[in-house]
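# Geometric and topological summary
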Amino acid sequence: MVTTTIRVSAKTHSLIHELADIAGVPMQQIVEEAVEAYRRQQILLATNAAYAKLQTDAEAWSELENERAEWDATLEDGLERV
């Protein structure tokens, strides 16, 4: 694994250190997990924004609803649950 150095404020460094101590993990893991959580949050925000925009187009929203209805029909396809 390649590592590098990033600059953070003294306050941020202190918070990362505190979180690492509480969790009993390296500071690097705290930063990695925080960045991953932020990345996922941004994906959800972008998805929500895209759906909000889609809802403003009545025709496109209707098409999506129709497609969802078609997929819902597959839930009762007669297969047994495993």
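Residues numbered from 1 in each chain as written. Predicted model: local features only at pLDDT ≥ 70, side-chain atom pairs only at ≥ 80, totals over all residues. Heavy atoms only, no water.

## Let's talk about the packing of helix α1 (residues 10–23) against helix α2 (residues 27–55)
Heads up, the condition is: Convention adopted: a line fitted to C-alpha atoms gives each axis, helices being fitted over their contacting stretch, and angles between N-to-C directions are expressed from 0 to 180 degrees. In this text, helices come from DSSP runs of H or I with a minimum length of four residues, and strands from runs of E with a minimum of two, each type numbered from the N-terminal end. Between 65 and 115 degrees an angle is taken as roughly perpendicular, under 35 as roughly parallel, over 145 as roughly antiparallel, and anywhere else as oblique. Should any heavy atoms of two residues lie within 4.5 Å, those residues are counted as being in contact. When residues are grouped by polarity, Ala, Val, Leu, Ile, Met, Phe, Trp, Tyr, Cys and Pro land in nonpolar, Asp, Glu, Lys and Arg in charged, and all others, Gly among them, in polar.
Relative to each other, α1 and α2 sit at 105 degrees, their axes nearing to 8 Å. By the angle between their axes, α1 is roughly perpendicular relative to α2. Only Met27, Ile30 and Val31 of α2 make contact with α1, whose side of the interface consists of His13, Ile16, His17, Leu19, Ala20 and Ala23. Along the lines of polarity and charge, the residues of the contact of α1 with α2 split into seven nonpolar, two polar and no charged.

## Quick look at the environment of arginine 68
Just so we agree on the cut-off: Polar contact is the term for a pair of N or O atoms within 3.5 Å; when the atoms are in protein, one must be able to donate a hydrogen and the other to accept it, and sequence-neighboring residues count only if both atoms are side-chain atoms.
Turning to its location among the elements, arginine 68 is positioned in helix α3 (residues 58–72). Each residue touching arginine 68, except ones within four places of it in the same chain, is listed here: Tyr51 and Trp61. A polar contact of 3.0 Å, which involves the side chain of arginine 68, links it to the side chain of glutamate 65.

## Some thoughts on the packing of aromatic side chains
To describe a pair of aromatic rings, you give the distance between the ring centres and the angle between the ring planes. Here is the rule: Only Phe, Tyr and Trp rings are paired, with Trp represented by its six-membered ring, and only when their centres lie within 6.5 Å; those with planes under 30 degrees apart are stacked, over 60 edge-to-face, the remainder tilted. The buried label goes to any residue with under 20% of its type's maximum accessible area, the exposed label to any with over 50%, and the partly exposed label to all in between, with areas taken from a 1.4 Å probe on protein chains only.
Considering all chains together, one arrives at one aromatic pair under this definition. Ring centres of tyrosine 51 and tryptophan 61 lie 6.4 Å apart, and the angle between their planes is 85 degrees; on these two criteria the pair is classed as edge-to-face. Placement of the pair is tyrosine 51 in helix α2 and tryptophan 61 in helix α3, with a sequence separation of 10 residues. On the basis of relative accessibility, which here comes to 37%, the residue tyrosine 51 falls in the partly exposed class.

## Considering the pattern of salt bridges
The condition is simple: In what follows, salt bridge is the name for a side-chain nitrogen of Lys or Arg lying within 4 Å of a carboxyl oxygen of Asp or Glu.
One pass over the structure, following the stated rule, counts three salt bridges. Arginine 40 is paired through a salt bridge with glutamate 36; the nearest N and O atoms lie 2.8 Å apart. Note that arginine 40 and glutamate 36 are positioned in helix α2 at a spacing of four residues, about one turn of the helix. Judged by its relative accessible area of 27%, glutamate 36 falls in the partly exposed class. Of the charged contacts, one joins glutamate 65 and arginine 68 as a salt bridge, the two residues approaching to 3.0 Å between their closest N and O atoms.

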